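Chain residues, written in single-letter form:
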Number of protein chains: 4
Amino acid sequence: MIQAAILGASGYTGAELVRILAGHSGFEVSVVSGDSKSGLSFGEVYPSLKHLNLPKLCSVEDINFGKLDVVFCALPHTKSAHIIKDLPKHIKVIDLSADFRLTDVNKYEEWYGMKHPAPNLQIQAVYGLTEFYRSEIKNSRIVAGTGCNAATGMYPLIPLLQENLIDPEEIIINLATGVSGAGRKAKEEIIYCEVSEGYTPYNVSRHRHLAEFDQEFSKAAGKPVRVTFTPHLLPQNRGILATIYVKGDLQRIQNSLEKRYMDEEFINVMSLNTLISTRHVRGSNFCHIGVCESSKKDVVVIFSSLDNLIKGSSGQAIQNANLLFGLEENSGLVATPLFP
Amino acid sequence: MIQAAILGASGYTGAELVRILAGHSGFEVSVVSGDSKSGLSFGEVYPSLKHLNLPKLCSVEDINFGKLDVVFCALPHTKSAHIIKDLPKHIKVIDLSADFRLTDVNKYEEWYGMKHPAPNLQIQAVYGLTEFYRSEIKNSRIVAGTGCNAATGMYPLIPLLQENLIDPEEIIINLATGVSGAGRKAKEEIIYCEVSEGYTPYNVSRHRHLAEFDQEFSKAAGKPVRVTFTPHLLPQNRGILATIYVKGDLQRIQNSLEKRYMDEEFINVMSLNTLISTRHVRGSNFCHIGVCESSKKDVVVIFSSLDNLIKGSSGQAIQNANLLFGLEENSGLVATPLFP
Amino acid sequence: MIQAAILGASGYTGAELVRILAGHSGFEVSVVSGDSKSGLSFGEVYPSLKHLNLPKLCSVEDINFGKLDVVFCALPHTKSAHIIKDLPKHIKVIDLSADFRLTDVNKYEEWYGMKHPAPNLQIQAVYGLTEFYRSEIKNSRIVAGTGCNAATGMYPLIPLLQENLIDPEEIIINLATGVSGAGRKAKEEIIYCEVSEGYTPYNVSRHRHLAEFDQEFSKAAGKPVRVTFTPHLLPQNRGILATIYVKGDLQRIQNSLEKRYMDEEFINVMSLNTLISTRHVRGSNFCHIGVCESSKKDVVVIFSSLDNLIKGSSGQAIQNANLLFGLEENSGLVATPLFP
Amino acid sequence: MIQAAILGASGYTGAELVRILAGHSGFEVSVVSGDSKSGLSFGEVYPSLKHLNLPKLCSVEDINFGKLDVVFCALPHTKSAHIIKDLPKHIKVIDLSADFRLTDVNKYEEWYGMKHPAPNLQIQAVYGLTEFYRSEIKNSRIVAGTGCNAATGMYPLIPLLQENLIDPEEIIINLATGVSGAGRKAKEEIIYCEVSEGYTPYNVSRHRHLAEFDQEFSKAAGKPVRVTFTPHLLPQNRGILATIYVKGDLQRIQNSLEKRYMDEEFINVMSLNTLISTRHVRGSNFCHIGVCESSKKDVVVIFSSLDNLIKGSSGQAIQNANLLFGLEENSGLVATPLFP
């Protein structure tokens, strides 16, 4: 069994890593850290996982990294890079923070407001959008998990930009996301009464996942691309749905996406004009994509939906870890969506 | 007291008319009809209104129209026009259905799939977007309530099209709405488990409120305008928020809307870059508008939000009825939003 | 106009006081304090109240109490009493905290774990269960608002204990409450994901509102009464529903409650075997009571429901303030429930 | 592979059977029926299961029962028995309806208002509360799945009644349940707006699951037992939590339940005074039980919670099917709860 540590295991993405890995035949959860909750049993912090035989939550300082094979790092950005840069070199790293997502460390400084904490490591890191960086991931030591919103937008758009099927100047990503993406740390804006019965835009002019869109879309198009990106908070736990407006030919877009994802287990392109919903991917590693005729001749609407805690973060992380260690790529990830 | 009948009072917009009129000093709710529930007391059908002294629900056939001054018609389309066309001429009519919204009866046939049931009456009807048709409404007999989605999109867009401040070819209205807009009639797609934890697009290529957009936007721009319009269903009871993408100058758009609505009690234009939410208009007759810089230079994002059951239908209806009868326009409509 | 200050106005009960008083013809909201948010406009903290002409939030220290007539104190317990004891004597006080609820200051120490901060004032305070202490309230200076759970249980039970219609040894109050009762201060257990899809008991062996039950039920029965009280948290914003199990005669219980509340505007006793719901009192000052036959011969189930932020706290407070100042008791409180 | 048909597969319990069996190594879903939706692909009816390779929905009349080994019958009561009585004798049956739950067919008539449709078969049927009827189930042909509310109440109470640790005259089961228990058939009372922000008792004096309580509790106690049972509807999809009031000794109750369920994988008795929640069993086959001190000396509160669609129906059904066919009892049922 591959020995895994999960740092930041008391947060939602951390707990989701624990939950999925506990049912995975290749990994053993041997260390879980959660600084503010160190000393507690995992079942006290997540009663839903009480029945599992898990180690107690510890502090990062107390971890013996010698016996570990892989570290999943679900810590806040900058804190993550600081810990990763001191890890023994035999350890492979899946980072779920934003620290290694941006190839250009100057962009990191621009978007995150501080110098990159480990610029030398950035060079080794691969962007973890599995279906596009599979071979690089297999040979890497550090995989940077993508932003959950970023992944939702990229699955439909990268192939279309690569094939030059849409106008790169006219892309709008209108996105709505469940609350779990904001984490488990208490803040006024995510308490129940502030979210319920409310649908609310946030970070409209500048969301950090935009930096990932800039990077990957420009690469795909072979020239600088900047999209309009408007995220909204939804009164629900899980799920992201992006409503993407593009200019291009409906049928060619459909054909291109169908072909691109024909052999991808986790990316499901629906038949033309199928409407999708967040509730149909909840609890799974799937991304659903639907291409639809809009109410205006020259505009095509593409819907893309995934579970932010799974395909948008922890499921993606495990998919990448499977690649890193030569396991079946779908190991531990075949759970069917839970509806209702 | 002005004697009012509410037809279709057992539905959500009907009950909302009853609720607001019961606290209105100018109207008396003297008749409530609800065919499938006729014979029941109103408090049995809406226990929240049990304390009010209301008539029993009756059938439309049993109504003595002689003593009535106004009929609020919250019936399904076509059924509504059929009843309205036979009403005594002394009765003023506020229709909440779609039957009299489209000036051109051919458009009605195109969008609703049947001949208009009362083409002669269409000529007398005024489109009920109060802030734009105030003087016509005062002098009319039939006011056609707007679609709730339509109103949400029109408040910010009509002034900008009238003043030629945005490109009419490049308007996208991405809209999300609470479930109460779908009415109280049981259908699988609105049962709790089908809505909860789901954010789902619907009627993407062809929503009937688009016909209203076509009509009013073309009129405002002085030439045919067709927008991209994508509605989504939200897991919440009330509230619509439109996220509108336009091409124009940020500050001029802000100035124009501030000026246009400076003296309008119910339309609140927020200061530049303010983010708004459905939960801040719930239970009120307000429409909140926020103009924001987007993540892309040439795109401006405008948010518009209202309570679909009030400013989007029943509150609007009463605002128009106040005009019809020469009452203060805000009578009965000053309730503050209920949050949380 | 009676000049009112609302201390702790940035919390939910404070904001609800502001909302209701803003539509009240007898009071003027002249001061609003909210320490952590002092300096902000009220509309920034509650965008739903942005349209009102309200003073900025200030610190308690900065208030000039000289020109005030009444202080509504929506502060945490102990902090509340500390401020109230130094107020000028001409000011009347409505306290929404727990500080003056318990007649016996030793009980305060027992339940709140500290010496009562103002034992001399306790003597002047009246327990604010309006329908039972009306005459005392009219003549008092300090009214102690009841616990919201406490009020829900007391409305049906006090009359029955007074009339000796139920066995005081066999009372069980099973209660469920919306999240707004926990306030607006961020805590992990009230963030959206921790509440949604969860129904969870809390404070099962010892909830502080039990001290109020002890006091009032013992007084009503003329001997010590202790009930079984089990609160649960609901995934909804507002509303409390108590399911109360008693031993007594069904019809006599019904008759007694009907008679007791016949002339009470805000306490509605439904006809026998009517099932009630939190959603039918939301946004109103009503308490609904339903007496029902249970599945077991000797047990009667009584349901009692109110909106915790209104009849359970801020509406009750204003009802009491109306009495204090000789206004109509229902002034400002006639809003009809908002459903859906 | 054991060939299974699921009748009524378009309902929630039917679809949950499909979902779980699709990931089960011992069964093949070879037939799915859903009369009103026959002819549709399963993915059209449940897009969350679109990726599975499933047969189309058919009518019961079109099923060739010859090649089947087991029928899971998720049909309405009476319809279920009518079909089951004509099945070939080689087919084993797991019935999720109420038709075979009551040993005494007179009781069926009393509670369901009609003659039992297959009294001869009733003799062969075993009540499917796995942990209490394991050996009978192994040797039976027809297993009657329990009511979901019934199972929630029985797990903690049967052992205590068997051991005479509680007063059988003084049992109160206050229960709250998510909406999915009401099925997928559209009815006004389960549409989103009627459920959201509402907590509502139902069937207070007479819920059909009471007949199961009567039967099993009387059997356990060795004398007639009737409990007070009050179900409530919750604004959430899944989950039941029973709050059970009993008279007995706290520690002896805890010890008894711990001992009884020590070797039961799916029944987790928490340590004394642990509070449990529906959200911690969601998506799993677990039942959580917590024994707690109440606020009154002689009353003990016991909480019991399970996922109504899994341990309360479809998971239980598969657990019983595993027994029927000699498979590992937990096959297909080891999924960890999904939280948040």
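Residue positions are given per chain, counting from 1 as you read along its sequence in written order. The order in which chains are written sets their letters, starting at A; the order in which ligands are written sets their numbers, starting at 1. At least 70 in pLDDT is required for a residue's local features to be given in this predicted model, at least 80 for side-chain atom pairs to be given and counted, and no such filter applies to totals for whole chains, interfaces and linings, which use all residues. The basis for every side-chain value is the complete set of non-hydrogen atoms in the structure, without hydrogens or water.

Turning our attention to the overall build of chain A. Along its length, chain A carries 11 helices and 14 strands. The size measure is the radius of gyration over C-alpha atoms, and the globule rule it meets is 2.2 Å times the number of residues to the 0.38 power. Against the globule reference of 20 Å for 340 residues, chain A gives a C-alpha radius of gyration of 19 Å, in line with a compact fold. A 1.4 Å probe rolled over the protein chains alone gives each residue an accessible area, and that area as a share of the maximum for its type sets the label: buried under 20%, exposed over 50%, partly exposed in between. Taken across its 340 residues, chain A has 68% of its residues classed as buried. We call two residues contacting when some pair of their heavy atoms lies within 4.5 Å. Restricting to contacts in chain A with at least 6 residues of sequence separation, those with at least 24 account for 68%. Charge counting treats Lys and Arg as positive and Asp and Glu as negative, with His and both chain ends excluded. In this description, the location of a charge corresponds to atom NZ of lysine, CZ of arginine, CG of aspartate or CD of glutamate. Charged side chains in chain A number 33 positive and 36 negative. The centres of these two groups are separated by 2 Å. In DSSP terms, a helix is any run of H or I states spanning at least four residues, a strand is any run of E spanning at least two, and both are numbered starting from the N terminus.

Turning to the relation of the copies chain A and chain B, a few remarks are in order. The copies were overlaid with a least-squares fit restricted to C-alpha atoms from residues scoring a pLDDT of at least 70 in each copy. The transformation that overlays chain A on chain B combines an axial shift of 0.0 Å with a rotation of 180°, and the residual RMSD is 0.0 Å. In short, the pair behaves as if placed about a two-fold rotation axis. No C-alpha of chain A approaches the rotation axis more nearly than that of P235(A), which lies at 3.3 Å. Looking at the interface residues of chain A, 100% of them are also at the interface in chain B, so both copies use one shared face.

Often, the extent of an interface is quoted as the loss of accessible area on bringing the components together. In this assembly, 30 residues from chain B lie in contact with 30 residues from chain C. By definition, the buried area sums, over both parts, the 1.4 Å-probe accessible area that each loses when the two are put together. Note on chain B versus chain C: buried area summed over both sides is about 2400 Å², and carbon and sulfur give 66% of it. Together, L338(B), F339(B) and P340(B) form the three largest contributors to the area buried by chain B at its contact with chain C, with a combined 26%. Salt bridges are defined as contacts in which a side-chain nitrogen from Lys or Arg sits within 4 Å of a carboxyl oxygen from Asp or Glu. Put simply, chain B and chain C have zero salt bridges between them. Among the elements that line the side of chain B that touches chain C, the one with the most residues is helix 1 (residues 12-22) of chain B, at three residues. Under this grouping Gly is polar, as are all residues other than the nonpolar Ala, Val, Leu, Ile, Met, Phe, Trp, Tyr, Cys and Pro and the charged Asp, Glu, Lys and Arg. Classifying every residue of the side of chain B that touches chain C by side-chain character gives 12 nonpolar, 11 polar and seven charged.

What follows covers the packing of helix 6 (residues 130-138) of chain B against helix 11 (residues 310-324) of chain B. Residue and element names in this part refer to chain B. Axis lines are fitted through C-alpha atoms, for helices just across the contact stretch, and the angle between N-to-C directions can take any value from 0 to 180 degrees. At their nearest, the axes of helix 6 and helix 11 sit 9 Å apart, and the two run at 35° to each other. The way helix 6 lies across helix 11 gives a crossing that is right-handed. Within the contact between the two elements, helix 6 uses T130, E131, R134, I137 and K138 and helix 11 uses K311, Q316, Q319, N320, L323 and L324. Looking at the contact of helix 6 with helix 11 residue by residue, the classes come out as three nonpolar, four polar and four charged. The hand of a helix crossing depends on one turn: near helix anticlockwise from the far one by less than a right angle means left-handed, and clockwise means right-handed.

Taken together, the contacts link 50 residues of chain A with 50 residues of chain B. Summing both sides of the interface, chain A and chain B together bury roughly 4100 Å²; the carbon and sulfur share of this comes to 52%. The largest per-residue losses of area from chain A upon contact with chain B belong to E197(A), Y199(A) and S295(A), which jointly make up 20% of the total buried on that side. Where chain A meets chain B, there are four salt bridges. E170(A) is the partner of K247(B) in a salt bridge, and the nearest nitrogen-oxygen pair spans 2.6 Å. What qualifies as a polar contact is a pair of N or O atoms within 3.5 Å, subject to a donor-acceptor requirement within protein and to the restriction that residues adjacent in sequence count only when both atoms come from side chains. At the junction of chain A and chain B, the tally comes to 33 residue pairs in polar contact (both at pLDDT 80 or more). Put simply, the parts of the chain that give the side of chain A that touches chain B at least two residues each are strand 8 (172-177), helix 8 (192-195), strand 9 (200-201), strand 10 (228-233), strand 11 (240-247), strand 13 (287-293) and strand 14 (299-306) of chain A. A breakdown of the residues in the side of chain A that touches chain B according to their chemical character gives 23 nonpolar, 16 polar and 11 charged.

Lining residues are those with an atom within 4 Å of a point, where the points come from a 1 Å grid over the protein atoms alone and group into cavities, where a 1.4 Å probe fits but cannot get out, or pockets, open sets with protein on both sides within 12 Å along at least five of seven lines. Grid points are joined across faces, edges and corners, and a volume is the space filled by probe spheres set on the points. A complete count under the given rule lists seven cavities of 30 Å³ or more for this structure. Taken together, 19 residues form the lining of the largest cavity, with Y192(A), Y192(B), P235(B), Y192(C) and Y192(D) sitting closest to its centre. Considering only enclosed or pocket space, the second largest cavity measures out at about 170 Å³ in volume. Sorting the residues of the lining of the second largest cavity by element identifies strand 11 (240-247) of chain C together with strand 11 (240-247) of chain D as the ones contributing at least two each. In terms of residue count, the dominant contributor to the lining of the second largest cavity is strand 11 of chain D (three residues). Looking at side-chain class alone, the lining of the second largest cavity contains nine nonpolar, two polar and eight charged residues.

Next up on the list: the side chain of Q122(C). Residue and element names in this part refer to chain C. Here Q122 lies in helix 5 (residues 119-122). Judged by its relative accessible area of 6%, Q122 falls in the buried class. Setting aside chain neighbours within four positions, we find Q122 in contact with D99, F100, R101, L102, T103, V105 and H116.

You can overlay chain B on chain C at an RMSD of 0.0 Å; the transform is a turn of 180° with a shift of 0.0 Å along its axis. Comparing contact sets, 100% of the residues at the interface of chain B also lie at the interface in chain C, consistent with an isologous, same-surface contact.

Pairs were defined over the aromatic rings of Phe, Tyr and Trp, the Trp ring being its six-membered one, requiring ring centres within 6.5 Å. Orientation was assigned from the angle between planes: stacked under 30 degrees, edge-to-face over 60, tilted for the rest. Scanning the entire structure with this criterion turns up 56 aromatic pairs over all chains. Taking the centre distance of 6.2 Å and the plane angle of 70° together, the rings of F27(C) and F72(C) count as edge-to-face. Remark: F72(C) occurs in strand 4 (residues 70-73) and F27(C) occurs in strand 2 (residues 27-33); sequence separation between them is 45 residues. For the residue pair F27(C) and F72(C), the accessibility class agrees, reading buried in each case. When the ring centre of F132(B) is taken as origin, the NZ or CZ atom of R260(B), which lies over that ring, is 4.4 Å away. Whether a charge lies above a ring is judged from NZ of Lys or CZ of Arg, which has to be within 6 Å of the ring centre and within 35 degrees of the ring normal.

In this fold, K296(B) is placed in the loop between strand 13 (287-293) and strand 14 (299-306). For K296(B), the contacting residues outside a window of four places in its chain are E169(A), R226(A), V227(A) and T228(A). At 2.7 Å, the side chain of K296(B) and the backbone oxygen of E169(A) are in polar contact.

Another point: helix 1 (residues 12-22) of chain C. Among the 11 residues that make up helix 1 of chain C, nine are buried, leaving the element largely enclosed by the rest of the structure. Where helix 1 of chain C is concerned, the buried positions are Y12(C), G14(C), A15(C), E16(C), L17(C), V18(C), R19(C), I20(C) and L21(C). On its buried side, helix 1 of chain C packs onto helix 8 of chain A together with strand 1 (2-7), strand 2, helix 2 (42-45), strand 4 and helix 11 (310-324) of chain C.

Where strands meet in a sheet, backbone hydrogen bonds hold them as pairs that are either parallel or antiparallel. All names here are of chain B. Within the open sheet, the seven strands sit side by side as 3-2-1-4-5-7-6. Their pairing is parallel. The sheet is open, and its two edges are formed by strand 3 (57-58) and strand 6 (125-127), each paired on a single side. Pairing between strands requires that DSSP locate at least two bridges from one strand to the other. In this structure, strand 5 (residues 92-95) lies alongside strand 7 (residues 142-144), joined through three bridges in parallel fashion. Bridge assignment links D95 to a residue of strand 7, and that residue is A144. Its contacts with the sheet place helix 1 against strand 1 (2-7), strand 2 (27-33) and strand 4 (70-73), and it is angled at close to 155° to strand 2.

The next thing to look at is the sheet that holds strand 7 (residues 142-144) of chain A. Residue and element names in this part refer to chain A. Taken in spatial order, the seven strands of this open sheet run 3-2-1-4-5-7-6, and their pairing is parallel. Every other strand in the sheet has two partners, leaving strand 3 (57-58) and strand 6 (125-127) as the edge strands with one partner each. Two strands pair when backbone bridges link them, and strand 6 and strand 7 are joined in this way by three bridges, in the parallel orientation. If you follow V126 over to strand 7, its bridge partner there is V143. Each of strand 1 (2-7), strand 2 (27-33) and strand 4 (70-73) is contacted by helix 1 (residues 12-22), which is oriented at about 155° to strand 2, the strand it contacts most. Together, strand 6 and strand 7 form the strand contacts of helix 6 (residues 130-138), whose direction differs from that of strand 6 by roughly 160°.

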